Amino acid sequence: MTFYKKRERFENFSIKIGNFFNKFGLSPNQWTIMTLIPTFIAFYFLLNANFFLAALFFIIASFIDIIDGSVARVTESVTELGAYLDTIMDRYVEGIIIFGLLFISLPQIFMPSYIWIFLYFFGGIMTTYAKAAAKEKNLVETEIRGGLLERAERLIILFIGILLAHFNPIWLSITIIILAFLTNVTAVQRIYIAIRTSKK
């Protein structure tokens, strides 16, 4: 289910994106920081329950996240600092959108929506931390990848949920519940991978 296994299929598309947006003269790191602009606009529209425009600017922010890496590759300016900033910005983008969800009056399913939002947020954090901690503690030699949901899949599912909320907010409630379950399952999967790998 994870897109990282299929990245080579999008290589030509990534090169075309990089060549086109490199004409604007912005560095990869500047593109990375620019993701905050549509993210905050999406946040604003979430606060006003304008789900269609929130989804639109959310997907624009996600697309800019593709641009920075593409420009870095075609200009041969891939750096560890750039990769670090990209990872940090990824967390901010997702966190800002999740924070915006707390201000929406969503239909309750079994529990208040803020509990499901927290579980989704926690699962996302643990998915990332399970990978980072395994590398930091030298349990693995290479980064842990995989599990049900990587960041790309999380954002795609969330985008669909926000877009469907334009028609009925219940769909966003259902989406958040799905993400709450799947992110925590993914975190457990990565913890298991780290433990299994450490025994070898």
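A quick note: this is a predicted structure, and the numbers were derived from the prediction, not measured.

*Asks:* Can you help me understand the overall build of the chain in this one?
*Replies:* Along the chain, the regular secondary structure elements total eight helices and zero strands. Starting at the N terminus and walking to the C terminus, you meet the elements of the chain as α-α-α-α-α-α-α-α. Across the 200 residues in the chain, those meeting the buried criterion constitute 39%. Carbon and sulfur atoms make up 67% of the accessible area of the chain, which amounts to about 11500 Å² in all.

*Asks:* Would you mind going over the side chain of threonine 32 with me for this structure?
*Replies:* Position of threonine 32 among the secondary structure elements: in helix H2 (residues 28–34). Not counting residues within four places of it along the chain, the set of residues in contact with threonine 32 comprises Asp68, Leu85, Asp86 and Met89.

*Asks:* Please explain the layout of surface pockets as it appears in this structure.
*Replies:* Approximately 170 Å³ is the volume attributed to the second largest pocket. Lining the second largest pocket are Arg91, Glu94, Gly95, Ile98, Phe121, Gly124, Ile125, Thr128, Tyr129 and Arg154. Elements supplying a minimum of two residues to the lining of the second largest pocket: helix H5 (80–101) and helix H6 (113–136). It is H6 that provides the largest number of residues to the lining of the second largest pocket, a total of five residues. Each residue belonging to the lining of the second largest pocket can be placed in one class, and the counts come to four nonpolar, three polar and three charged.

*Asks:* How should I be thinking about a nonpolar patch on the surface in this particular structure?
*Replies:* A grouping of Ile156, Ile160, Leu164, Phe167, Trp171, Ile174 and Ile178 is seen on the molecular surface, where their side chains present a nonpolar patch of about 640 Å² in accessible area. Residue assignment for the nonpolar patch shows that the elements contributing at least two residues are helix H7 (151–165) and helix H8 (170–198). Accessibility expressed as a relative area gives 39% for isoleucine 156, which makes it partly exposed.

*Asks:* Got a minute to help me understand the nonpolar core in this structure?
*Replies:* In summary, soluble globular proteins display a tendency toward joint burial of nonpolar side chains. Core analysis: the biggest nonpolar cluster contains 27 residues, and Leu46, Phe58, Leu101, Leu158, Ile162 and Leu172 have the highest contact counts within it. For this core, the elements supplying multiple residues, two or more each, are helix H3 (36–47), helix H4 (51–74), H5, H6, H7 and H8. Ranked by residues supplied to this core, first place goes to H8 with five residues. When near neighbours in sequence (up to four residues on either side) are disregarded, leucine 101 contacts Leu46, Ile117, Leu158, Leu172 and Ile176. Judged by nonpolar contacts, the second largest core, of six residues, contains Ile17, Phe21, Trp31 and Ile64.

*Asks:* It is not clear to me how the packing of H5 against H7 should be interpreted in this structure. Could you clarify?
*Replies:* For the pair H5 and H7, interaxial distance at closest approach is 12 Å and the crossing angle is 30°. As judged from the angle between their axes, H5 and H7 are roughly parallel. The hand of the H5/H7 crossing is left-handed. For the pair formed by H5 and H7, the contact residues are Asp90, Arg91, Val93, Glu94, Ile97 and Leu101 on the first element and Arg151, Arg154, Leu155, Leu158 and Ile162 on the second. Of the residues assigned to the contact of H5 with H7, the class counts are six nonpolar, no polar and five charged.

*Asks:* In this structure, what is going on with the packing of aromatic side chains? I would like to understand it.
*Replies:* The geometry of an aromatic ring pair comes down to the distance between the two centres and the angle between the two planes. Under the definition given, this model contains seven aromatic pairs. Ring geometry for phenylalanine 43 against phenylalanine 99: centres 5.9 Å apart, planes inclined by 5°, an arrangement best described as stacked. Of this pair, phenylalanine 43 sits in helix H3 while phenylalanine 99 sits in helix H5; the two residues are 56 residues apart in sequence, bridging distant segments of the chain. Judged by its relative accessible area of 15%, phenylalanine 43 falls in the buried class. A relative accessible area of 43% places phenylalanine 99 in the partly exposed class. Members of the aromatic cluster, each reached through a chain of ring pairs, are Phe43, Phe99 and Phe103.

What counts and how
- Residues numbered from 1 in each chain as written.
- Predicted model: local features only at pLDDT ≥ 70, side-chain atom pairs only at ≥ 80, totals over all residues.
- Heavy atoms only, no water.
- Helix = DSSP H or I, 4+ residues; strand = E, 2+ residues; numbered from the N terminus.
- Buried < 20%, exposed > 50% of the residue type's maximum accessible area, 1.4 Å probe, protein only.
- Areas by Shrake-Rupley, 256 points an atom, 1.4 Å probe, with all protein chains shown as cover.
- Contact = heavy atoms within 4.5 Å.
- 1 Å grid on protein atoms, 1.4 Å probe; cavity = no way out; pocket = protein on both sides within 12 Å on 5 of 7 lines; lining within 4 Å.
- Points joined across faces, edges and corners; volume = space filled by probe spheres on them.
- Nonpolar A, V, L, I, M, F, W, Y, C, P; charged D, E, K, R; others polar.
- Patch = residues over 30% accessible without salt bridge, like charges linked within 9 Å, V, L, I, M, F, W, Y side chains within 5 Å.
- Salt bridge = Lys/Arg side-chain N within 4 Å of Asp/Glu carboxyl O.
- Core = buried A, V, L, I, M, F, W, Y, C linked by side-chain atoms within 4.5 Å.
- Axes fitted to C-alpha atoms, helices over the stretch in contact; angles between N-to-C directions.
- Parallel < 35°, antiparallel > 145°, perpendicular 65-115°, else oblique.
- Left-handed = near helix turned anticlockwise from the far one by under 90°.
- Phe/Tyr/Trp six-rings, centres within 6.5 Å; stacked < 30°, edge-to-face > 60°.

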